[in-house]
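If you want the building blocks of each chain, they are given just below.
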Amino acid sequence: MKINMRKHPQRDLLRLAFILAASLFANFANAHMLNMTHIEVQTQEREPTKVTLRIDLGQSLMSPGDYWQLASAPSAEQNVLMQHVKEQLGTGLRFQVDGTPAFPKLLSWDFPAVSLAAIENPLTPQMATLTYHLSAIPRDSIRVSLADDFVVPWPCLIRLDIAGRELPISRLLTSYDRTSGSVALHGTAAGEDVDIGALMVSASQAWLPSLSWVVIGFQHIIPRGLDHIAFVLGLFFLSTGLRPLLLQVTGFTIAHSLTLGLAMYGLVSVPAAIVEPLIAASIVYVALDNLYASHLAPFRMFVVCAFGLLHGLGFAAVLQDIHMPQESFAQALLLFNVGVELGQIAVIAGAFALVGAFRSRTWYSSGIAHPATMGIAGVGAYWLLKRTIF
């Protein structure tokens, strides 16, 4: 089908925005840039070489549940629970010092984990830190490699801090290129040891954590926030005009942003057993109201804003399981909200892309809007029963 941008500019731009947003966030969500593996090698002239490994164990060598059990256990029990991981790391991490194999000795470990939900989500990585000493002191060269059957969250960024050098040397390992090559400790010309891929990945680490909160917010609409999607679609199917839709979405956004902020700062707290059924009831109400309302009444705006307050509490309940960083709490909260709004925009853009061409037709309400609204009401009623009775 040929798209005529001149004839339907608004609909086609919304369709394009939906496709681009879905593609961007799907690709980012599947990437492993946030929980990528880090290996830092620090050589010292008369001291053993220190190796620090940062790895998302719950997304690689262990299941999320096993890592949660490991992180929650006392130190004495951790040494037992991590035996299998120690064996995998012992055979998977390979070092050569001056052309001779060198074996890492585990000195210490740290297994942070704020919740099982955070471990399960690669966008909120819970990075374990393990510290080693190598069995030999390098004089001329060092090589870091990963075994062919050793699987980690890719890519793997290696940083070599060599005694006597002002700047570190970086290497980027992938599932196809598993070795740093032999890195000379002395006499290398400036610029000779530049790995462009490693430099680009290192530079991205400054802004990727911030972007992750946008993506997490987006994910809590698409694909995880089915009840929020249903509510937004209920707003969409009220009428054929764009202005009533924008007024409702704006009021809904302001309301849920308010309660989300208040709840995350601990100023408001409502049990999920109350919030979740009320969210389902809000979907039923909006859908049924669509069947009898032909325009946006002032009372409808009040109700939409009130329901927005409920949905904000629902977002807060999810965020409390993930745990937001205390050092950048306000920024992360703002970016999460941005992601939520982008998700809502994507839902509306997707609805426009599917049925926007028919909104001016006389049969649109009876043929599309009302059947869709009744479907939304039915889904909301099912959720209401499930959350109150079952």
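Structure first, text after, so check above.
Note that the structure is a prediction, hence the values are computed from the model and not measured. (Residues numbered from 1 in each chain as written. Predicted model: local features only at pLDDT ≥ 70, side-chain atom pairs only at ≥ 80, totals over all residues. Heavy atoms only, no water.)

Draft legend 1. Just the environment of L173, in detail. Positionally, L173 belongs in strand β9 (residues 169-173). Note on L173: relative accessible area 0%, which makes it buried. Sequence spacing of L173 and S145 is 28 residues, and the spatial spacing of their C-alpha atoms is 8.4 Å. (Helix = DSSP H or I, 4+ residues; strand = E, 2+ residues; numbered from the N terminus. Buried < 20%, exposed > 50% of the residue type's maximum accessible area, 1.4 Å probe, protein only.)

Draft legend 2. How the structure looks around the pattern of salt bridges. Evaluation of the coordinates by the stated rule reveals four salt bridges. Among the ionic pairs, R159 bridges to D161, the shortest N-O distance being 2.9 Å. Classification of R159 as partly exposed rests on a relative accessible area of 38%. The class of D161 is buried, set by a relative accessible area of 17%. Two residues, D227 and R387, come together in a salt bridge whose shortest N-O distance is 3.4 Å. Taken together, the positions of D227 in helix α8 (residues 226-236) and R387 in helix α13 (residues 364-388) put the pair 160 residues apart, joining distant regions of the chain. We classify R387 as partly exposed; its relative accessible area is 28%. Each member of the salt-bridge network shares a partner with another, and the members are D227, E276 and R387. (Salt bridge = Lys/Arg side-chain N within 4 Å of Asp/Glu carboxyl O.)

Draft legend 3. View of a nonpolar patch on the surface. Taken together, the side chains of L334, V338, L342 and I345 define a hydrophobic patch exposed on the protein surface, amounting to about 340 Å² of accessible area. Relative to the assigned elements, L334 resides in helix α12 (residues 329-355). (Patch = residues over 30% accessible without salt bridge, like charges linked within 9 Å, V, L, I, M, F, W, Y side chains within 5 Å. Areas by Shrake-Rupley, 256 points an atom, 1.4 Å probe, with all protein chains shown as cover.)

Draft legend 4. Inspection of the sheet that holds strand β4 (residues 100-102) at higher detail. One open sheet accounts for four strands, arranged β4-β3-β7-β10; its pairing is antiparallel. In this open sheet, the two edge strands, each paired with only one partner strand, are β4 and β10 (183-184). In this sheet, strand β7 (residues 141-146) lies alongside strand β3 (residues 93-97) in antiparallel orientation, the contact comprising five bridges. When the sheet's bridge partners are listed, V97 is paired in β7 with I142. Where helix α4 (residues 83-92) meets the sheet, its contacts fall on β3 and β7, and the angle it forms with β3 comes to roughly 40°. (Pairing = 2+ DSSP bridges. Contact = heavy atoms within 4.5 Å. Axes fitted to C-alpha atoms, helices over the stretch in contact; angles between N-to-C directions.)

Draft legend 5. A look at the sheet that holds strand β5 (residues 104-110). Reading across the sheet, the six strands line up as β5-β6-β2-β1-β8-β9 and stay open at both edges, with mixed pairing between neighbours. Both outer strands of the open sheet, β5 and β9, are each paired with one neighbouring strand and no more. Adjacent strand axes in the sheet meet at a mean angle of 20° when their direction is disregarded. Here β5 runs beside strand β6 (residues 128-134); their pairing, made up of six bridges, is antiparallel. Bridge pairing in β6 links S108 to T131.

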